[in-house]
Amino acid sequence: MKKYLTILLLLAIALLSSCNLDNQGIFAEVIDRVPSDNRKLSFIGDDSNKVYFKSVNGIESYDLDNGTYKTLDSSENARKNNIFVFNKTDKVIIYFVDKATSDGVAYDSCYKLDIDSQETTKLTNNSNIIFADSYNEYLIGKDGKIYSYSIADDKTISFTLKAEVSDKYYVKNIDNIFAFSTKSTDSTTKNLEYYKFKGDIFTPITSEDATYLGKLRSVTTDAVNGTQYLFFSEVNGQAETSVFKLTDTEFKKLGKLSSSNVGRDFESFVDSGVDSDNLYFAYDGSSILNKYNLTSGELTSTTISKLGNVAIVGYFKVGTDYKICTANNGFLTLSLDGTPHLK
């Protein structure tokens, strides 16, 4: 009997030693911290050197400089599939707890998490608004109306209508680009329309290069000058993946990246180099890191095998490198020195 127990013990040690030893990100210390299901980590926001997200442990932060993580709220409510609002100015996270109802999911219970003190306060919510999504400090109602919020006496939350698009149906938002449809379903890309906030003004986005645009798949903003780059699948009814440049004065097509329309959203980033600026992106589930030169329009690629096994949530610059936040492998470090590679 002792012999069998010894064998089982050795097997257990061997199995534990082989599990996820290459995961040097925030989830390395706890093997099942975020399961391989790439929707278990929900990005909430980032501020300076911190990234905030929801995992199976609740609301957590990750320090991009020293590679450490901290659990800020581990309550049962914080671990649910909530709607989160990140207020960078006040350093608080507001979250609306999901609750199943006969009409679907409602988000009526509301909490405020103070990031510095890690104190969570339940807020009184007297509104009857059913929220469906959020963007930074805005909340999007199920009816597509967009609201800001305010908190009185640190205990009561109220909402102010900021924008609405008449006779349109809300689809989604990526960064500050909002997609609406003229139909109750967005299955036909001709029905899609796009809007953004310019200050407090909610304005439509139109381009002379496209009568209509397909589904928005990625948005990235140049931190140096504020220029945004939008990736669309399908342009003017043609199956293609193209990138557009958006500034305060123009919205134009830069180039076609592929003759097929990518089927899923993906993350991207702009690297402002010494000689020229480049867009980098990897389609979700692909091991190919693409580089699009904004000066020449040249598209090149590098194979990084590990990228094909992760779901990328975002890219964050740290020094000359980029931290890649993934849903299932913690944080990876990407170097653009020479041929792009993981450190």
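Before reading further, recall that the structure is shown in the block above.
Residues numbered from 1 in each chain as written. Predicted model: local features only at pLDDT ≥ 70, side-chain atom pairs only at ≥ 80, totals over all residues. Heavy atoms only, no water.

## A word on the layout of surface pockets
Approximately 200 Å³ is the volume found for the second largest pocket. Per element, the largest residue contribution to the lining of the second largest pocket is four residues, and it comes from strand β15 (residues 192–198). A per-class count over the lining of the second largest pocket returns nine nonpolar, three polar and two charged. (1 Å grid on protein atoms, 1.4 Å probe; cavity = no way out; pocket = protein on both sides within 12 Å on 5 of 7 lines; lining within 4 Å. Points joined across faces, edges and corners; volume = space filled by probe spheres on them. Helix = DSSP H or I, 4+ residues; strand = E, 2+ residues; numbered from the N terminus. Nonpolar A, V, L, I, M, F, W, Y, C, P; charged D, E, K, R; others polar.)

## Examining the sheet that holds strand β13 (residues 169–174)
In space, the four strands of this open sheet follow the order β13-β14-β15-β16, with antiparallel pairing throughout. Each having just a single partner strand, β13 and β16 (201–204) make up the two edges of the open sheet. In this sheet, adjacent strand axes meet at a mean angle of 30 degrees when their direction is disregarded. (Pairing = 2+ DSSP bridges. Axes fitted to C-alpha atoms, helices over the stretch in contact; angles between N-to-C directions.)

## Quick word on the pattern of salt bridges
Using the criterion set out here, one finds 12 salt bridges in the structure. Here aspartate 154 and lysine 112 are joined by a salt bridge, their closest N and O atoms 2.1 Å apart. Placement of aspartate 154 in the loop between β11 (146–152) and β12 (156–163) and of lysine 112 in strand β7 (residues 104–114) is noted, with a sequence separation of 42 residues between them. The residue glutamate 250 makes a salt bridge to lysine 245 at a minimum N-O spacing of 3.8 Å. A network of salt bridges, in which partner residues are shared, links Lys172, Arg217 and Asp265. (Salt bridge = Lys/Arg side-chain N within 4 Å of Asp/Glu carboxyl O.)

## Some words on the pairing of strand β2 (residues 50–55)
By the criterion of burial, β2 is predominantly enclosed, with five of the six residues buried. Bridge count between strand β1 (residues 42–47) and β2: five bridges; the pairing is antiparallel. Paired with serine 42 across the two strands is lysine 54, which belongs to β2. Linking β1 back to β2 in an antiparallel pair, the connection comprises two residues, with serine 48 at a positive phi of about 60 degrees. Where β2 meets strand β3 (residues 58–63), six bridges bridge the pair, whose relative direction is antiparallel. (Buried < 20%, exposed > 50% of the residue type's maximum accessible area, 1.4 Å probe, protein only.)

## Some words on unusual backbone geometry
Trans is the prevailing form of peptide bonds, just as negative phi is the prevailing case for residues other than glycine. Even without glycine at this site, aspartate 167 takes up a positive phi of about 60 degrees. Structurally, aspartate 167 can be placed in the loop between β12 and β13. On the basis of relative accessibility, which here comes to 72%, the residue aspartate 167 falls in the exposed class. Unusually for a residue other than glycine, glutamate 234 sits at a positive phi of about 85 degrees.

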